[in-house]
Amino acid sequence: MWGQLKDIKLLLLDVDGVMTDGRIVFDANGVESKFFDVKDGHGIKMLQRCAIEVGIISGRESIVVDNRAKELGIEIVFQKSLDKLAIYKKILENTRLTDSQVAFMGDDVIDIPVLRKVGFSAAPSDAVSEVLELVNYVTKRPGGRGAVREICDMILKAKGLWGSY
């Protein structure tokens, strides 16, 4: 597992259930809210400071995701992506990376095609069983509650970059 992480140059993330706890809250005016973990955001920033890119592939579309991506400086953002594998292939084409250089974290069946392709696949501890059974690593933390940070820390440690951000 650690060997797989040494080659990672891009971490791709699903949003609902990975970057968030999966809950979507609408107020009386229909304004959507999601809950993100500040530690996950810090992990993303540490990766970026070490020249490891981070991107988002989400099945839903939300202004909240655009705002969070902007805040974190994430430039690779694909929303309303029901065919995540096609988007993944497009990302590889644009970045000129290979499967072995990409990690992806997903939590539901829509993520399975990409999880099967990447060099390193991960899921939060509360992902659906079909995903938990096939990924390289299941985090100790649930989605939206430190799971992303756990993967960020693992990548930095495997590459010998821990503490160099």
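It should be noted that the structure appears before, not after, this text.
J.: It is not clear to me how the sheet that holds strand β4 (residues 53-57) should be interpreted in this structure. Could you clarify?
T.: In a beta sheet, neighbouring strands are held together by backbone hydrogen bonds and run either parallel or antiparallel to one another. Strand order in this open sheet of 6 strands is β5-β4-β1-β6-β7-β8, and the pairing throughout is parallel. With one partner strand each, in any of the chains shown, β5 (76-78) and β8 (137-138) form the two edges of the open sheet. In this sheet, β4 lies alongside strand β1 (residues 10-13) in parallel orientation, the contact comprising 4 bridges. Across the sheet, residue L10 finds its bridge partner in β4, namely E53. Packing against the sheet, helix α7 (residues 147-158) makes contact with β1, β6 (102-105), β7 (120-123) and β8, and its axis sits at approximately 170° to β1.

J.: Can you help me understand the pairing of β6 in this one?
T.: Remark: a regular strand shows side chains that alternate across the two faces of the sheet. Of the two faces of β6, the one holding V102 and F104 and the one holding A103 and M105 are both buried throughout. Summarising the sheet, β1 and β6 pair through 4 bridges and their orientation is parallel. Bridged to L10 within β6 is V102. Sheet topology note: the β6/β7 ladder contains 3 bridges and is parallel. Residue A103 lies in a different strand from β7, and its bridge partner there is F120. This β-α-β element, β6 to helix α5 (residues 112-117) to β7, shows right-handed connectivity.

J.: Can you walk me through the nonpolar core in this structure?
T.: Nonpolar side chains tend toward joint burial in soluble globular proteins. Counting 31 residues, the largest nonpolar core has L13, I44, F120 and I151 as the members making the most contacts within it. Looking at this core, the elements that each hand over two or more residues are β1, α2 (38-49), β4, α3 (63-72), β6, β7 and α7. When residues in this core are grouped by element, the largest group, 8 residues, is from α7. In terms of nonpolar packing, the next biggest core, distinct from the first, is built from 20 residues, I87, L97, F104 and A123 among them.

The rules we used
Residues numbered from 1 in each chain as written. Predicted model: local features only at pLDDT ≥ 70, side-chain atom pairs only at ≥ 80, totals over all residues. Heavy atoms only, no water. Pairing = 2+ DSSP bridges. Helix = DSSP H or I, 4+ residues; strand = E, 2+ residues; numbered from the N terminus. Contact = heavy atoms within 4.5 Å. Axes fitted to C-alpha atoms, helices over the stretch in contact; angles between N-to-C directions. Buried < 20%, exposed > 50% of the residue type's maximum accessible area, 1.4 Å probe, protein only. Right-handed = clockwise from strand over helix to strand, strands pointing away. Core = buried A, V, L, I, M, F, W, Y, C linked by side-chain atoms within 4.5 Å.

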